[in-house]
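Listed here are the chains, written in short residue letters.
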Amino acid sequence: MLKPDDLCLCCGTIPGASFKELVEAGAAGGFHSISIRAHHYENARAAGLSDRDMRLMLEDHGLVITELDPLLQARLERMLQPTPSFRTVYQS
């Protein structure tokens, strides 16, 4: 169980990191937990990791997941795709 002063490695601080890289960075940095987004999970599964593999990886590194932010991912994807009016004004 986490204590009030335990730190979480926010996945947004390491853009492009895989699930495995987040786990390794969290453990190396002395964090107690990590946050992930939907794509971290989906990409780890696509790379052949099972749910059990991911749980064991977390346990082996003394970490837990304290935040899953799938909604932020969807918002960011919409924000990063400029609308036609944006392209007209800023990319002409």
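See the structure shown above.
Residues numbered from 1 in each chain as written. Predicted model: local features only at pLDDT ≥ 70, side-chain atom pairs only at ≥ 80, totals over all residues. Heavy atoms only, no water.

## As for helix 1 (residues 19-28)
Listed as buried for helix 1 are Phe-19, Leu-22, Val-23 and Gly-26. All buried residues of helix 1 lie within an arc of 100 degrees about the axis, which places them on one face of the element. Where helix 1 is buried, its residues touch strand 1 (8-9), strand 2 (33-36), helix 2 (38-46), helix 3 (51-60) and strand 3 (64-68). Note on helix 1: the residue one or two positions beyond its end, Gly-30, has a positive phi of about 80 degrees. (Buried < 20%, exposed > 50% of the residue type's maximum accessible area, 1.4 Å probe, protein only. Helix = DSSP H or I, 4+ residues; strand = E, 2+ residues; numbered from the N terminus. Arc of directions from axis to C-beta. Contact = heavy atoms within 4.5 Å.)

## So, the pattern of salt bridges
Enumeration according to the criterion identifies 3 salt bridges in this entry. The partner of Glu-24 in a salt bridge is Lys-20, with the nearest N and O atoms 3.0 Å apart. Taken together, the residues span about one helical turn, with Glu-24 and Lys-20 both in helix 1 at a distance of 4 residues. The exposure class assigned to Glu-24 is partly exposed, which follows from its relative accessible area of 34%. Looking at Lys-20, the relative accessible area reads 44%, which means it is partly exposed. One salt bridge connects Arg-45 with Asp-51, and the closest N-O pair in it is separated by 3.0 Å. (Salt bridge = Lys/Arg side-chain N within 4 Å of Asp/Glu carboxyl O.)

## Thoughts on the sheet that holds strand 1
Reading across from one edge, 1-2-3 is the order of the 3 strands in this open sheet, with parallel pairing throughout. Whereas interior strands pair on both sides, the edge strands pair on one side only; in this sheet they are strand 1 and strand 3. The pairing of strand 2 with strand 3 spans 4 bridges and is parallel. Paired with Ile-36 across the strands is Leu-68, a residue of strand 3. (Pairing = 2+ DSSP bridges.)

Such coordinate-based values are descriptive only and should not be taken to indicate function.
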